[in-house]
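# A structural walkthrough
Residues per chain are reported as follows:
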Amino acid sequence: MDSQLAIQVEDLTVAYNEAAVLWDVDLDVPAGALMAIVGPNGAGKTTLILSILGLVRPAAGRISIAGRPASEARRLVGYVPQRGSVDWDFPTTVLDVVVMGRYGALGWIKRPGKVERELALEALAQVGMEGFTDRHISELSGGQRQRVFLARALVQDASVYLMDEPFQGVDAATEKTIVDLLRGFKAQGKTVVCVHHDLQTVEEYFDYVMLLNVRRVASGPVSEVFTHENLRLTYGGRLAFRRREESTSEPAR
Amino acid sequence: MKRPVALALLLFSLVACSRAETDLSERKIRAVTTTGMIGDAVARVGGERVNVSSLMGPGVDPHLYRASAGDVRRLNEADIVFYNGLHLEAAMADVLQKTTRVKTVAVSEGIDEDRLLQPPEFKGQFDPHIWFDVELWSSTVKTISEALIDLDPESAETYRSNTDRYLVELDQLHQYVRERAASIDPAKRVIVTAHDAFNYFGRAYGLEVRGLQGISTASEAGARDVRELAAFIAERRIPAIFVESSVPTRAIEAVQAAVRANGFDVAIGGELYSDAMGDAGTEEGTYIGMVRHNVDTIATALSRQV
Amino acid sequence: MFEVLFGWVSDYTLRTVALGSATLGVVSGVLGSFALLRRQSLLGDALSHAALPGIAAAFLLTHSKAPLVLILGAGIAAWLGALLINGVVSTTRIKTDAAMGVVLSVFFGAGVVLLTYIQRLPDAGKAGLDKFLFGQAAALLGRDVVAMALLSAAVLLTVGLTWKELKLLTFDPGFAASLGFPVRALEAMLTTLLVVAIVIGLQAVGVVLMSALVVAPAAAARQWTDRFGVMVLISAVVGAFAGVAGALLSSTVERLPTGPTIVLMAITIVMISMLFAPHRGLLVRTVQERRNRRRLRSDVLLMDLYVLSLQHEGDHPHTSEAITAMRPEVTDVRPSLEALEERRLVARKDDGWVITDPGREVAQRLVAREESPEAELAEVLSEGEA
């Protein structure tokens with residue numbers, strides 16, 4: 001267990017109904033990294049996140065967070081799930097959802113109070129949602145919902161953040177907010193791992209990347225690992241993609 | 001293709017008919033009844049000639065009883081079926097209707113309609129609890145006798161003499177009940193029970209009758225019914241109310257609690273056999289024993305000093 | 001009337017039945033809210049039906065008709081039903097709704113078979129197991145109500161203590177798990193509380209009707225509020241109200257069984273809520289939509305008339321036919337014009353219609369606000385005028 005690593009995954013194998021979703025996956029996430037996980041549909045990206053969080057039982061493998069077994073390090077990890085994982089018709093307000101991020105710190109039975117409320121308001125301001133405190137979550141747009149989730153993650157004050165497609169379907173303003181937030185995390189020395197769907201923005205937003213398709217294809221700094229060859233291996237050759245740094249645009253064929 | 005089918009049909013009908021041709025005088029008659037009271041009557045009339053089995057034993061509620069597959073089989077294998085009629089066996093009605101291969105006899109058939117009671121809430125229907133008026137019950141005994149004679153004419157003599165003897169006993173019973181009932185203080189002559197099973201009893205022997213539920217236990221008592229009954233009991237200062245062997249007791253217990261809350265102490269005077277008799281082999285397991293037990297219990301309880 | 005409303009305090013039977021029903025209403029309202037938001041309302045139905053064989057088996061094993069024994073049997077059977085549903089969903093391809101349907105019918109069927117078998121046993125009639133099908137609220141005794149109250153207090157205390165955990169679990173179980181909360185255990189606890197709520201009500205309203213009390217108060221409450229805590233509170237109040245109202249109603253009308261009456265009260269409240277609730281009610285929404293549509297139509301016509309007035313000199317009237325031809329998609333030009341006339345925004349002139357000065361002001365405001373082609377045209381024209 002290397003404590004320089006924020007997350008260390010070894011030999012992770014996960015199966016649903018006898019079909020392998022993740023096979024023998026290793027991953028080292030250095031502390032302070034801003035990492036994207038990319039891969040085609042069904043590659044197991046979300047499953048990997050869920051495994052690190054302990055929400056999915058692996059068939060094999062070990063996961064450690066900051067040098068400790070994952071199960072002991074829950075407090076250190078913040079999770080921003082996909083927007084679709086929640087029923088937005090649930091009767092609650094924006095502030096309420098953000099305060100939920102403090103539930104872990106409160107522990108059992110204790111009710112959230114003024115302190116938690118203040119923290120939530122600060123977080124909402126950070127994501128540009130300060131006017132929405134008492135708005136019902138059913139009235140929010142996609143981008144606004146994403147920002148609420150982020151605010152919720154902020155109040156957790158975790159040192160490692162796992163996010164599942166945070167940029168999916170958001171407007172330009174929200175995208176900027178998210179990127180600023182991620183950069184802010186990095187400046188604070190936090191580690192962020194995002195399942196990311198948009199290959200075009202990997203180089204711009206992230207400094208580390210993992211290419212995943214049931215097996216680990218490659219992982220490491222973007223500049224080293226985000227190559228045509230690796231992309232071809234990950235996506236099986238059905239990919240038209242322009243790498244910004246290459247002067248000649250070659251479709252990966 | 002058509003010939004084997006016709007042949008099979010022919011064989012089948014021969015077999016079906018042949019059962020009916022069996023000589024009944026060679027063996028005991030298989031009689032199946034619904035309630036135990038009818039079973040008792042058939043046993044007394046039939047004597048040695050008859051093997052009686054009742055679908056509903058002690059403690060069984062005939063209003064709610066649903067026939068099982070085994071019951072249906074037993075009905076169809078009988079030589080004769082006796083049931084109460086007047087919709088007593090409400091949950092079994094269609095089963096009885098479909099038992100066409102065997103002669104079914106409603107023992108209430110012979111009773112003249114104007115001797116029957118009509119409950120106010122069921123227009124056009126009659127109160128089926130006819131066995132509590134001993135005189136009325138005696139006419140069903142005659143109906144049973146005629147049906148058995150019809151089925152098995154060879155033993156007619158046996159049936160007639162059994163019937164005559166039984167009718168004498170019933171007459172004695174009738175007198176006994178009249179005496180006991182008369183011995184109760186007229187002001188206290190009220191029977192309060194779980195459901196309206198005792199209307200014929202009341203009419204025949206001069207007692208007022210109040211039930212919590214209506215004619216059938218399939219209904220559910222409402223809060224108003226409990227209240228009204230409790231108020232009635234307290235007002236008339238009735239010493240005792242009665243539970244029934246085939247009906248849950250908690251409804252009457254609720255009435256008792258309500259009466260006590262009204263400041264009057266009413267006792268639960270005992271258990272009456274209403275829609276079923278007592279255990280087989282005991283005195284209360286016979287019709288006569290059941291009726292005697294009932295009137296004794298009632299008379300004793302209502303004569304209590306309050 | 002007065003006697004009915006307040007007499008219940010002094011009358012023993014009414015007091016007992018009303019208190020028992022109110023207790024049951026509160027608990028099923030609270031737990032029903034969680035079930036509704038977790039999309040598990042059918043679970044209440046499945047579990048209450050699943051309780052039936054437990055009652056029968058308890059009687060068969062102990063030959064006791066003591067309510068506590070029978071209710072314990074009911075609770076165990078319902079709990080086993082819940083376990084089975086989860087087991088089926090997690091180990092086979094069968095989804096939750098089908099699993100619930102299967103468990104409901106199999107358990108209930110088994111219960112009926114056992115009851116049919118039991119009915120032949122002596123003493124079976126006295127046990128009154130049939131009464132558990134539809135309940136016998138009128139026969140509640142003081143000690144029954146005490147037992148119900150104690151159980152309810154335990155349930156409500158538990159919910160109160162774990163309020164935020166349950167709220168989080170209902171809204172986002174994945175996030176809850178990521179925070180370290182034992183989601184499985186919490187879900188098991190919630191199911192257990194639901195089972196207890198159901199079992200409390202069995203004596204009063206029976207197996208078949210209990211599911212209505214789990215669903216109805218919560219469904220009604222959802223219509224009136226968008227705040228979680230308020231919804232649970234309203235649900236509890238609705239449940240209690242249905243209980244008391246049902247008890248009172250069946251106390252004034254003859255031969256009206258109390259359990260079914262309580263359920264009918266609850267359903268009535270749901271109907272009223274569905275139709276008349278302020279934001280979500282059907283009636284209100286229909287009226288609002290119609291009003292919006294009419295507003296849109298008259299706005300459009302007003303702007304048309306404004307544009308026309310800018311294109312023509314003076315107050316040149318246009319017939320409604322002409323206007324209809326301009327705007328074929330508006331089907332009720334005349335009534336809309338008449339409505340505008342009532343608001344003094346247009347006036348009749350000769351055999352046509354023309355915009356008034358107040359109408360021009362309103363139209364100008366509309367133009368400034370909107371982005372439709374008419375508005376742009378009007379803007380251009382009015383600039384030209386200036």
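Residues numbered from 1 in each chain as written. Chains lettered and ligands numbered in written order. Predicted model: local features only at pLDDT ≥ 70, side-chain atom pairs only at ≥ 80, totals over all residues. Heavy atoms only, no water.

## Some thoughts on the interface of chain B and chain C
- Contact residues are listed per partner, giving 42 residues for chain B and 43 residues for chain C.
- Carbon and sulfur atoms make up 46% of the area that chain B and chain C hide from each other, which totals about 3,200 Å².
- Summed over the three residues of chain B that lose the most area to chain C, namely B:Glu220, B:Arg227 and B:Arg250, the buried surface amounts to 25% of that side.
- Between C:Asp144 and B:Arg250 there is a salt bridge, with its nearest N and O atoms 2.6 Å apart.
- Put simply, chain B and chain C have seven residue pairs in polar contact (both at pLDDT 80 or more) between them.
- Breaking the side of chain B that touches chain C down by element, the ones donating at least two residues are α3 (69-77), β6 (208-213), α8 (223-236) and α9 (250-261) of chain B.
- Considering each element in turn, the side of chain B that touches chain C owes the most residues, seven residues, to α9(B). (Contact = heavy atoms within 4.5 Å. Buried area = accessible area lost by both parts, 1.4 Å probe. Salt bridge = Lys/Arg side-chain N within 4 Å of Asp/Glu carboxyl O. Polar contact = N/O pair within 3.5 Å; in protein donor to acceptor, adjacent residues only side chain to side chain. Helix = DSSP H or I, 4+ residues; strand = E, 2+ residues; numbered from the N terminus.)

## Points about unusual backbone geometry
All names here are of chain B.
- With phi around 55°, Leu86 is a residue other than glycine that occupies positive phi space.
- Looking at the secondary structure, you find Leu86 in the loop between β3 (80-83) and α4 (93-98).
- Residue His87 is not a glycine yet carries a positive backbone phi of 65°.
- You can see His87 is positioned in the loop between β3 and α4.
- His87 gets classed as exposed once you look at its relative accessible area, which sits at 52%. (Buried < 20%, exposed > 50% of the residue type's maximum accessible area, 1.4 Å probe, protein only.)

## Description of the packing of helix α2 (residues 36-46) of chain B against helix α5 (residues 134-151) of chain B
Residue and element names in this part refer to chain B.
- Direction vectors running N to C along α2 and α5 enclose 55°, while the axes themselves pass 10 Å from each other. Classed by the angle they form, the pair α2 and α5 counts as oblique. In the crossing of α2 with α5, the sense of the turn from one axis to the other is right-handed. Judged by residue contacts, Met37, Ile38, Ala41, Val42, Val45 and Gly46 of α2 engage Trp137, Val141, Ile144, Ser145 and Leu148 from α5. (Axes fitted to C-alpha atoms, helices over the stretch in contact; angles between N-to-C directions. Parallel < 35°, antiparallel > 145°, perpendicular 65-115°, else oblique. Left-handed = near helix turned anticlockwise from the far one by under 90°.)

## A look at the pairing of strand β4 (residues 103-106) of chain B
Residues and elements named next belong to chain B.
- Here β3 pairs with β4 via four bridges, running parallel. Opposite Val81, over in β4, you have Thr104 as the bridge partner.
- For the crossover from β3 across α4 to β4, the handedness is right-handed. (Pairing = 2+ DSSP bridges. Right-handed = clockwise from strand over helix to strand, strands pointing away.)

## As for the sheet that holds strand β5 (residues 68-69) of chain A
- Read across the sheet, four strands follow the order β2-β1-β4-β5 (chain A) without closing on themselves; strand pairing throughout is antiparallel. In this open sheet, the two strands that pair with only one neighbour each are β2 (19-30) and β5 of chain A.

## Observations regarding a positive patch on the surface
- A surface patch of like charges, here positive, comprises C:Arg290, C:Arg291, C:Arg293 and C:Arg294.
- Note that C:Arg290 resides in helix α14 (residues 282-311). (Patch = residues over 30% accessible without salt bridge, like charges linked within 9 Å, V, L, I, M, F, W, Y side chains within 5 Å. Areas by Shrake-Rupley, 256 points an atom, 1.4 Å probe, with all protein chains shown as cover. Lys, Arg positive; Asp, Glu negative; His and termini not counted. Charge placed at Lys NZ, Arg CZ, Asp CG, Glu CD.)

## Quick notes on α2(B)
Residues and elements named next belong to chain B.
- Judged by how many residues are buried, α2 sits mostly within the fold: nine of eleven residues are covered.
- The set of residues buried in α2 consists of Gly36, Met37, Ile38, Gly39, Asp40, Ala41, Val42, Val45 and Gly46.
- Packed against the buried residues of α2 are β1 (29-33), β2 (50-54), β3, α5, α6 (156-182) and α10 (287-302).
- Of the residues trailing α2, Gly47 is marked for its positive phi of about 60°.

## Some points on helix α9 (residues 228-235) of chain A
Residues and elements named next belong to chain A.
- Within α9 the residues assigned to the buried category are His228, Asn230, Leu231, Thr234 and Tyr235. Take α9 and look down its axis: the buried residues cluster within an arc of 160°, on one side only.
- Elements in contact with the buried residues of α9: β3 (34-38), β9 (208-213), β10 (215-221) and α8 (222-225).
- The first or second residue beyond α9 is Gly236, which carries a positive phi of 70°. (Arc of directions from axis to C-beta.)

## Topic: the side chain of B:Ser274
Residue and element names in this part refer to chain B.
- On the secondary structure map, Ser274 appears in the loop between β8 (267-272) and α10.
- In this structure Ser274 comes out as buried when scored by relative accessible area, which is 0%.
- Polar side-chain contacts of Ser274 include one of 2.6 Å to the side chain of Glu244.
- Contacts of Ser274, omitting those with residues within four sequence positions, involve Trp131, Phe132, His195, Ala197, Phe198, Glu244, Ser245, Ser246 and Met290.

## Side note on the packing of aromatic side chains
- In this structure the tally under the stated criterion is 15 aromatic pairs over all chains.
- Where A:Phe167 meets A:Tyr205, the ring centres are 5.2 Å apart and the plane angle is 20°; that geometry is what we call stacked. Placement of A:Phe167 in the loop between β7 (160-164) and α6 (172-187) and of A:Tyr205 in helix α7 (residues 202-205) is noted, with a sequence separation of 38 residues between them. The residues A:Phe167 and A:Tyr205 share a single accessibility class, namely buried.
- In textbook terms, an aromatic cluster arises when at least three aromatic residues are bridged by ring pairs, as seen for A:Phe90, C:Phe34, C:Trp163, C:Phe171 and C:Phe228. (Phe/Tyr/Trp six-rings, centres within 6.5 Å; stacked < 30°, edge-to-face > 60°.)

## With respect to the side chain of B:Asp40
Residue and element names in this part refer to chain B.
- Position of Asp40 relative to the elements: it lies in helix α2.
- Comment: no salt bridge for buried Asp40; closest opposite-charge side chain is Arg44, at 6.0 Å.
- The contact partners of Asp40, leaving out residues within four places of it in the chain, are Tyr166, Met277, Thr286, Tyr287 and Ile288.

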